[in-house]
Amino acid sequence: MASYTPKNILITGAAGFIASHVANRLIRSYPDYKIVVLDKLDYCSNLKNLNPSRSSPNFKFVKGDIGSADLVNYLLITESIDTIMHFAAQTHVDNSFGNSFEFTKNNIYGTHVLLEACKVTGQIRRFIHVSTDEVYGETDEDAVVGNHEASQLLPTNPYSATKAGAEMLVMAYARSYGLPVITTRGNNVYGPNQFPEKLIPKFILLAMRGQPLPIHGDGSNVRSYLYCEDVAEAFEVILHKGEVGHVYNIGTKRERRVIDVAKDMCKLFNMDPDSSIEFVENRPFNDQRYFLDDEKLKSLGWSERTIWEEGLKKTIEWYTSNPNWWGDVSGALLPHPRMLMMPGGVDRLVDGPENAEFESANLAINTSQIGVQVPSSKTSVSKKPALKFLIYGKTGWIGGLLGKLCEKQQIQYEYGKGRLEDRSQLLADIQTIKPTHVFNAAGVTGRPNVDWCESHKTETIRTNVSGTLNLADVCREHGLLMINFATGCIFEYDAKHPEGSGIGFKEEDKPNFIGSFYSKTKAMVVEELLKEYDNVCTLRVRMPISSDLNNPRNFITKIARYDKVVNIPNSMTILDELLPISIEMAKRNLRGIWNFTNPGVVSHNEILEMYKKYINPEFKWVNFTLEEQAKVIVAPRSNNELDASKLKEEFPELLSIKESLIKYRLPDGSELELELNFSSNNGFNAEIEITLTQLGSG
């Protein structure tokens, strides 16, 4: 069997889990090999994973994206790369159900860019493509022999489908252009440095915190687990002894049910499994079993060395010694995490003074010729915060409050300068600010109320429809989650949802209120168009209330200024409680449509009774009917109850509307200096749309 000896190896995704172990092993064992590692430092990457190699003369780190053809071509040529080990990929199955386009972009398009660069340069002698056992699909529960390398590919989830698609491209380039490729398909891997969205590190960190271990479904799913150093050795063997054009399974015949993994963890942490294991909703499709035939790799001389018990103890020891390796991972420890995937990701640079410098010979490339970011030589590299928000709606109520909350939580943020309808300005904002999340609290609601939109329809469409879609599209192109503040004023009580019944409109219900042009634009955007963007989290706000009665957009302040008001129970949003939740939703990378109101309803009269009790004991008001109201307004107003059970399930601590009003109740009149104008305003029913700013300064 001929042995292959590389000279200059490019390892993609090498700040990630498996690739970092492979890179460190090769750098340590083969000082004559030059190892160039390329990583965009996404959320599950960490430069600290490469600490063992940072002082080695044969190591070079480059921050960049495999999707950049210019960068990849530049590296192959200037570094005289003859071997590529392609690990870079989005790998978490849960994420693929919520953001499948990012998996296509990273796993398929990124691979295609690498392959094309190999074809153009014509200098690659080995291209090792790292795939997964999941491309085979589900293995029969009673199968005695595992999937062998010639088995049919039958992926069952978006992640494995993109990996199978990438394999097809690799195969095509091998056949069409003679590219010397080798493909690997591996079982689950565990060990030090793994980002805790995966099962074993998640269980360890939760157990360390004394929290329950969540199991999808009933825990009967079977998986095979290999220790990371054994896998690194497998890649070392394949690199030197693997045959071009072949596929190699990297697996083990030792299988474990997920429930048994949890019980083993409980045993090592002295936890009671009956009270410590929590069964949660299964993911959309959870393959029952993956089982590989690993005989082909064994014929090259590789074998599994680390038994389960030993590997698990080593892994636990590492996490207990390095509990803060990944910083704040609360979002990853959720039963169904949705981590943000974005170009450039979250830069997790090396911590501590002992790790603050990198030798320029090991890190620098000529950045004047190519747009690649690398740490400067001999300069201190500070740890960057995990979050940076770009907020649109600076001069609006919601946008202003978001900025104050970010300051309070010490989250970096900047307000967007661009107009939503100008795509080039939005792109400039994103490229300049480099946010991790975007908040859209900008839009047209009309002044003094939504009646303005009836006579300014073009302006309303330009911002509420075109502008919002424009921002969502730009965000998706850049892999950014957009938190979009919308309105619940797209429903009205009907036969299926009668007033006072407690039956609220759910997120999936079709809007039934188009009485105002404002509501039409909002329903059109959210319900018909924006739902096609899987990078958007839409929050339906209604009748926003806060303890700041100086703001004229506060629902309480509005109706306190009217001589006459209707008295109808409605869902409402207590901003003091719910705006911090919107930031938490960004941290959790939640997506889709959410009724963003406190559970339950409260009527106008109940609100005004509180106002009279806490603010102005002499205050009086008069009710009138909807028919009487209709005579003094241009466009009808929406009245409804939204079902907030989805939000309540995600945030169990969420208070009902009346409980929240009590907790964040109006301050005593002696504590507040207000000059409210109680003059008649034609008895308007207060606008029940979200209060946002009209675009201009962002």
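Rules used throughout
For every chain, the first residue of the written sequence is number 1, and numbering continues from 1 onward in sequence order. With pLDDT at 70 or above as the cut-off, local features in this predicted model cover only qualifying residues; side-chain atom pairs require 80 or more to be listed or tallied, and sums for whole chains, interfaces and linings still use all residues. For the side-chain quantities, the full set of heavy atoms in the structure was used; hydrogens and water were omitted. UniProt positions are given in the numbering used here, feature names are shortened, and annotations may be inferred rather than shown by experiment. Only DSSP runs of H or I with at least four residues qualify as helices, and only runs of E with at least two residues qualify as strands; both kinds are numbered from the N terminus onward. The classification of residues rests on relative accessible area computed with a 1.4 Å probe and restricted to protein chains. Under 20% of the type maximum is buried, over 50% is exposed, and intermediate values are partly exposed. Each accessible area is a Shrake-Rupley estimate made with a 1.4 Å probe; only the visible protein chains count as cover when residues are assessed. Note on aromatic pairs: the rings of Phe, Tyr and Trp (six-membered ring only in Trp) are paired at centre separations within 6.5 Å, and the planes decide the class, stacked below 30 degrees, edge-to-face beyond 60, tilted for the rest. At least two bridges found by DSSP between two strands is the condition for calling them paired. To get an axis, a line is fitted to the C-alpha atoms, and for a helix only the part in contact is used. The angle between two axes follows their N-to-C directions and goes from 0 to 180 degrees. A contact between two residues is defined here by any heavy atoms of the two lying within 4.5 Å. Given the number of residues in a helix, its expected span is that number minus one, multiplied by 1.5 Å. Two N or O atoms count as a polar contact when they lie within 3.5 Å, although within protein this holds only if one can serve as hydrogen donor and the other as acceptor, and sequence-adjacent residues are included solely when both atoms are side-chain atoms. The nonpolar core is taken to be a set of buried Ala, Val, Leu, Ile, Met, Phe, Trp, Tyr and Cys residues, with the residues joined through side-chain atoms within 4.5 Å. As a per-residue measure, pLDDT tells how confident the predictor is, with possible values from 0 to 100. The scheme is simple: roughly parallel for angles under 35 degrees, roughly antiparallel for over 145, roughly perpendicular for 65 to 115, oblique for anything else. Handedness of a crossing follows from how the near helix is turned relative to the far one, being left-handed for an anticlockwise turn of less than a right angle and right-handed for a clockwise one. Throughout this entry, Asp, Glu, Lys and Arg are counted as charged residues, while Ala, Val, Leu, Ile, Met, Phe, Trp, Tyr, Cys and Pro are counted as nonpolar. The remaining residues, Gly among them, count as polar.

- Under the annotation held in an unreviewed UniProt entry, the chain carries the name UDP-glucose 4,6-dehydratase and is attributed to Ambrosia artemisiifolia.
- As recorded by UniProt, the Catalytic activity (unreviewed entry) comment attached to the chain reads in full: "UDP-alpha-D-glucose = UDP-4-dehydro-6-deoxy-alpha-D-glucose + H2O".
- The UniProt entry for the chain carries the following text under Pathway (unreviewed entry): "Carbohydrate biosynthesis."

1. Regarding the overall build of the chain
For step 1, the next point in the chain: When helices and strands are tallied, the chain shows 23 helices and 20 strands.
For step 2, the next point in the chain: Within the chain, the proportion of its 698 residues that are buried is 59%.
For step 3, the next point in the chain: Total accessible area on the chain stands at roughly 27700 Å², and carbon and sulfur atoms take up 50% of it.

2. Things to note about the packing of aromatic side chains
For step 1, the next point in the chain: All told, the structure shown has 17 aromatic pairs when counted by the stated rule.
For step 2, the next point in the chain: When the ring of Trp-318 is compared with that of Tyr-319, the centres are 4.7 Å apart and the planes differ by 85°; the resulting orientation is edge-to-face.
For step 3, the next point in the chain: Look at Trp-318 and you get buried, because its relative accessible area is 16%.
For step 4, the next point in the chain: For Tyr-319, a relative accessible area of 1% gives the class buried.
For step 5, the next point in the chain: Seen in terms of ring centroids, Trp-318 and Trp-325 are 5.0 Å apart; in terms of plane orientation they differ by 70°. Their pairing is edge-to-face.
For step 6, the next point in the chain: Looking at Trp-325, the relative accessible area reads 15%, which means it is buried.

3. Here we look at the sheet that holds strand β7 (residues 188–190)
For step 1, the next point in the chain: Strand order across the open sheet formed by three strands is β7-β9-β11, with mixed pairing between neighbours. Edge strands, defined here as strands with exactly one partner in the open sheet, are β7 and β11 (255–257). For this sheet the average axis-to-axis angle between neighbouring strands, irrespective of direction, equals 50°.
For step 2, the next point in the chain: Note: strand β9 (residues 222–227) against β11, three bridges, orientation antiparallel.

4. Notes on the pairing of strand β10 (residues 247–250)
For step 1, the next point in the chain: Side chains Val-247 and Asn-249 project from β10 onto one buried face, and the interleaved Tyr-248 and Ile-250 project onto a second face that is buried too.
For step 2, the next point in the chain: Inspection of the sheet shows strand β6 (residues 181–186) paired to β10 by four bridges, in the parallel sense. Looking at β10, one finds that Thr-183 is bridged to Val-247.

5. Remarks on the sheet that holds strand β15 (residues 437–440)
For step 1, the next point in the chain: One open sheet accounts for six strands, arranged β14-β13-β15-β16-β17-β19; its pairing is parallel. With partners counted over all chains shown, the strands left at the sheet margins are β14 (412–415) and β19 (592–595), one partner each. Adjacent strand axes in the sheet meet at a mean angle of 20°, parallel and antiparallel pairs treated alike.
For step 2, the next point in the chain: The pairing of strand β17 (residues 536–541) with β19 spans four bridges and is classified as parallel. Across the sheet, residue Arg-540 finds its bridge partner in β19, namely Asn-595.
For step 3, the next point in the chain: This element, helix α14 (residues 423–433), spans β13 (388–392) and β14 of the sheet and lies at about 155° to β13.

6. Details of the environment of Asn-282
For step 1, the next point in the chain: By secondary structure assignment, the location of Asn-282 is in the loop between β12 (277–280) and α10 (295–298).
For step 2, the next point in the chain: Residue Asn-282 is classed as partly exposed on the basis of its relative accessible area of 32%.
For step 3, the next point in the chain: The sequence separation of Asn-282 and His-216 amounts to 66 residues, and the corresponding C-alpha distance is 4.4 Å.
For step 4, the next point in the chain: In this view, Asn-282 contacts His-216, Gly-217 and His-336; residues no more than four positions away in its chain are not counted.

7. Describing the environment of Gly-242
For step 1, the next point in the chain: Looking at the secondary structure, you find Gly-242 in the loop between α7 (228–241) and β10.
For step 2, the next point in the chain: With 59 residues separating them along the chain, Gly-242 and Thr-183 place their C-alpha atoms 9.5 Å apart.
For step 3, the next point in the chain: Excluding its chain neighbours within four sequence positions, the residues that come into contact with Gly-242 are Arg-126, Ile-182, Val-237, Tyr-248 and Leu-300.

8. Brief notes about helix α5 (residues 158–177)
For step 1, the next point in the chain: If you check α5, its first and last C-alpha atoms are 28 Å apart, about what 20 residues at 1.5 Å a residue would give, namely 28 Å.
For step 2, the next point in the chain: Taken as a whole, α5 has its buried residues at Tyr-159, Ser-160, Thr-162, Lys-163, Ala-164, Ala-166, Glu-167, Leu-169, Val-170 and Tyr-173.
For step 3, the next point in the chain: The opening residue of α5 is Asn-157, an N-cap whose side-chain oxygen sits 3.1 Å from the backbone nitrogen of Tyr-159.
For step 4, the next point in the chain: Phi turns positive one or two residues past the end of α5, at Gly-178, with a value near 70°.

9. Quick notes on the nonpolar core
For step 1, the next point in the chain: Among the nonpolar cores identified, the biggest contains 72 residues, and Ile-11, Val-37, Met-85, Ile-200 and Met-265 are the most heavily contacted of them.
For step 2, the next point in the chain: Beyond its immediate stretch of four places on either side in the chain, Met-265 contacts Ile-200, Phe-203, Ile-204, Leu-213, Leu-312 and Ile-316.
For step 3, the next point in the chain: One finds Cys-406, Leu-590, Phe-596 and Phe-651 within the second-largest nonpolar core, a separate group that totals 31 residues.

10. Quick word on the pairing of strand β5 (residues 126–132)
For step 1, the next point in the chain: Across the seven residues of β5, seven count as buried, placing the element largely inside the fold.
For step 2, the next point in the chain: Taking every second residue as pointing to the same face, both faces of β5 are buried, with Arg-126, Ile-128, Val-130 and Thr-132 on one and Phe-127, His-129 and Ser-131 on the other.
For step 3, the next point in the chain: Direction of pairing for strand β4 (residues 83–86) relative to β5: parallel, over a ladder of four bridges. Its bridge partner being in β5, Thr-83 is matched across the sheet by Arg-126.

11. As for the side chain of Lys-40
For step 1, the next point in the chain: Here Lys-40 lies in the loop between β2 (34–39) and β3 (59–63).
For step 2, the next point in the chain: Within the structure, the side chain of Lys-40 is placed 2.9 Å from the side chain of Asn-106, a separation counted as a polar contact.

12. Details of the environment of Ile-27
For step 1, the next point in the chain: Inspection of the secondary structure assignment puts Ile-27 in helix α1 (residues 17–29).
For step 2, the next point in the chain: Residue class for Ile-27 comes out buried when judged on its relative accessible area of 3%.
For step 3, the next point in the chain: Along the sequence, Ile-27 and Phe-59 sit 32 residues apart, while their C-alpha atoms lie 6.9 Å from each other.
For step 4, the next point in the chain: If we skip the residues at most four places from it in the chain, Ile-27 touches Ile-35, Ser-53, Ser-56, Asn-58 and Phe-59.

13. A short note on the confidence of the model for the chain
Close reading of the predicted structure is inappropriate where its pLDDT is low.
For step 1, the next point in the chain: Summing up the model confidence of the chain, the mean pLDDT is 81 and the portion of residues at 70 or higher is 80%.
For step 2, the next point in the chain: Below a pLDDT of 50 lies the segment residues 667–698, which in the model reaches 118 contacts outside its immediate sequence neighbourhood of four places, other chains included.

14. Overview of the packing of α1 against α7
For step 1, the next point in the chain: In contact at an axis separation of 9 Å, α1 and α7 are set at 60° when each is read in the N-to-C sense. Taken together, α1 and α7 sit at an angle that is classed as oblique. For the element pair α1 and α7, the recorded crossing hand is right-handed. Contacts between α1 and α7 involve Phe-17, Ile-18, His-21, Val-22, Arg-25 and Leu-26 from the first element and Cys-228, Glu-229, Val-231, Ala-232, Glu-233, Phe-235, Glu-236 and Leu-239 from the second.
For step 2, the next point in the chain: Of the residues that constitute the contact of α1 with α7, the class distribution is nine nonpolar, one polar and four charged.

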